[in-house]
Amino acid sequence: MADSTALIHANSPSGRAAGLLNPPIHRASTIVYDRVEDYLDRHKHLYDGVIYGLYGTETNHTLASSLAELEHGHMSVLTSSGTAAISISLSAFLRSGDHLLVIDTAYRSTRRFCDDVLARYGVEVTYFSPRIGAEIAALIRPNTRMVFLETPGSLTFELADVSAITMVTRARGIVTALDNTWATPLLFRPIDHGVDISIAAATKYLSGHSDVMLGAMTGANETVYRQLKDAAARWGSSASPDDCYLVQRGLRTLDVRLDRHQRTALELATWFEEQPEVRKVLHPAIASHPDHAIWRRDFTGASGLFGVLLDPMTDAERSAFFNGLRLFKLGSSWGGFESLMVPAWPAPARSCTDPVEGALIRVHAGLEATVDLLRDLEDAFGRLRACRADQAPVRLGLART
Ligand SMILES: *Cc1c(COP(=O)(O)O)cnc(C)c1O
């Protein structure tokens, strides 16, 4: 069955909820028992039952099993945010004295957790180039316990050769986690490529409506799943059943939304490439992308987020470009129905990749009509050009930049 069909028909409610199309919301903290034997045995059901609100109700389990099926994994664990899913995945497997390898292009908060928290707990962290491939073998030490990947890279969109990396890690018993928020399991399946933990910020495309915070970590097998579930319990991370319901509902339309995000993003990316001020479009599905061959091999599509590298901008040029946008909004996060555009500075969150030369902007193509978005962009470039003409003396070095 195609994923799109499975997403529509998965998890039809049964029992007294039969006939409803979406699973009901079960809210609970306390779960009560009639028999003392059942109460004393309750922790046997931590991994697949409902024993306490913190560990999730039937609503959470429904979403977790939907996601696990999409991911081709054993089972998912839901957390209060994508950031929590990352921190908990790392702390589930690492201990003091371990060595951790992290892709240099990881999301900023991932690096912060590694540098600020794990380093304080005695974990050594080494960052590596997103294009390292099988050469990651040279960085592995006897105490290397985990490798953390994110592909495409945050802000700069490099693709890692995941299978080449997991060939090395699997042979050595090293646990690999991958932040797959950009592609979602519909467009890339980390577990099929040898990854042990697939992580998603469900806050983004899975929810799709910019009003939910939720994270998911999916274990490739039962052992990994149980370790993730235990770690989430130890850290006290809980996912609200209401938010799980919203994400389960979001999954119904994930395939059609991604299809539209992809199409619009490619149309915008092609248009950006033609503008004289644009140096490079950072989008893995575009033939000029240096990792395009990996994208064709591993991904079944692209989502709506990409980068555009422009000639350097003065502060006044940046203001002229962004202030006055009508449809594109300035805002963190992405994956919702609305288009977003923000300036980005990857350099402070890199230690071994070359800095990008120029003014980087990150674009999220929402679900608006491309023709309207292009009009907004044409006007922005018009304002940029007018400002540039006014600022000619600045560019010649005759005034402060
Ligand atoms: C947004 C994001 C996260 C964090 O998710 P939150 O739910 O906002 O905490 C993690 N990884 C990536 C790639 C993201 O884009």
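Residues numbered from 1 in each chain as written. Predicted model: local features only at pLDDT ≥ 70, side-chain atom pairs only at ≥ 80, totals over all residues. Heavy atoms only, no water.

A. Quick look at the domain arrangement of the chain. When the domains of the chain are assigned, the result is domain 1 (3–251) and domain 2 (254–395). Between domain 1 and domain 2, the C-alpha centre-to-centre distance is 29 Å. Taken together, the contact between domain 1 and domain 2 spans 40 residues of the former and 42 residues of the latter. For the domain 1 and domain 2 pair, buried surface summed over both sides reaches about 3,500 Å², with 62% attributable to carbon and sulfur atoms. Linking domain 1 to domain 2 there are two salt bridges. In this structure, the salt-bridge partner of arginine 131 is aspartate 291, at a minimum N-O distance of 2.9 Å. Across the contact surface, domain 1 and domain 2 share 23 residue pairs in polar contact (both at pLDDT 80 or more). Those elements giving two or more residues to the side of domain 1 that touches domain 2 turn out to be α1 (3–9), α5 (108–118), β3 (124–128), α7 (184–187) and α9 (241–252). Broken down by element, the residue count for the side of domain 1 that touches domain 2 peaks at three residues, all from α7. (Domains from an automatic or database assignment. Contact = heavy atoms within 4.5 Å. Buried area = accessible area lost by both parts, 1.4 Å probe. Salt bridge = Lys/Arg side-chain N within 4 Å of Asp/Glu carboxyl O. Polar contact = N/O pair within 3.5 Å; in protein donor to acceptor, adjacent residues only side chain to side chain. Helix = DSSP H or I, 4+ residues; strand = E, 2+ residues; numbered from the N terminus.)

B. Looking closely at the packing of aromatic side chains. Taken as a whole and assessed by the stated rule, the structure comprises twelve aromatic pairs. Ring geometry for tyrosine 205 and tryptophan 334: centres 5.6 Å apart, planes at 65°, overall edge-to-face. With tyrosine 205 in the loop between β6 (197–201) and β7 (215–219) and tryptophan 334 in the loop between α12 (315–322) and β10 (340–344), this residue pair connects regions lying 129 residues apart in the sequence. Of the two residues examined, tyrosine 205 and tryptophan 334, each falls in the buried class. Through pairs of rings, three or more aromatic residues link up here, namely Trp271, Phe272, Phe306, Phe321, Phe322 and Phe381. Positioned over the ring face of tyrosine 39 is arginine 42, at 4.1 Å from the centre of the ring. Here arginine 111 stacks its cationic end above the ring of tyrosine 127, 3.8 Å away from the centre of that ring. (Phe/Tyr/Trp six-rings, centres within 6.5 Å; stacked < 30°, edge-to-face > 60°. Buried < 20%, exposed > 50% of the residue type's maximum accessible area, 1.4 Å probe, protein only. Lys NZ or Arg CZ within 6 Å of the ring centre and 35° of its normal.)

C. Layout of the site of the ligand. Close to the ligand lie 13 residues, the nearest being Gly82, Thr83, Asp179, Thr203 and Lys204. In the model, a nitrogen atom of the ligand is placed 2.6 Å from a nitrogen or oxygen of the aspartate 179 side chain. The side chain of threonine 203 places a nitrogen or oxygen atom 2.5 Å from an oxygen atom of the ligand. Here the ligand loses 92% of its free accessible area of 380 Å² to cover by the protein chains. If one sorts the elements of the shell around the ligand by residue count, helix α4 (residues 82–93) sits on top with three residues. Classifying every residue of the shell around the ligand gives five nonpolar, five polar and three charged. (Near = heavy atom within 4 Å. Areas by Shrake-Rupley, 256 points an atom, 1.4 Å probe, with all protein chains shown as cover. Nonpolar A, V, L, I, M, F, W, Y, C, P; charged D, E, K, R; others polar.)

D. Main features of the packing of α4 against α5. Close contact between α4 and α5 brings their axes to 10 Å; oriented N to C, the two are set at 45°. Comparing their axes, α5 and α4 come out oblique. Remark: the crossing between α4 and α5 carries right-handed chirality. Across the interface between the two elements, Thr83, Ile86, Ser87 and Leu90 of α4 pack against Ser109, Thr110, Phe113, Cys114 and Leu118 of α5. Counted by class, the contact of α4 with α5 contains five nonpolar, four polar and no charged residues. (Axes fitted to C-alpha atoms, helices over the stretch in contact; angles between N-to-C directions. Parallel < 35°, antiparallel > 145°, perpendicular 65-115°, else oblique. Left-handed = near helix turned anticlockwise from the far one by under 90°.)

E. Representation of the sheet that holds β10 within the structure. Read from one edge to the other, the open sheet built from four strands follows the order β8-β9-β11-β10, with strand pairing classed as antiparallel. Sheet topology places β8 (278–282) and β10 at the edges, where each strand pairs with a single neighbour. Taking the axes of each pair of neighbouring strands and ignoring which way they run, one obtains an average angle of 20° across the sheet. Pairing of strand β9 (residues 305–310) with strand β11 (residues 359–364), which is carried by six bridges, proceeds in the antiparallel orientation. Directly across from leucine 310, in β11, lies its bridge partner alanine 359. Along the sheet, helix α10 (residues 254–273) makes contact with β8, β9, β10 and β11, crossing β9 at roughly 10°. Each of β10 and β11 is contacted by α12, which is oriented at about 170° to β10, the strand it contacts most. (Pairing = 2+ DSSP bridges.)

F. Structural view of the pattern of salt bridges. As enumerated under the stated definition, the model contains 21 salt bridges in all. For arginine 27, the salt bridge identified is with aspartate 242, shortest N-O distance 2.1 Å. With arginine 27 in the loop between α1 and α2 (36–40) and aspartate 242 in helix α9, this residue pair connects regions lying 215 residues apart in the sequence. Under the relative-accessibility criterion, arginine 27 is labelled exposed at 60%.

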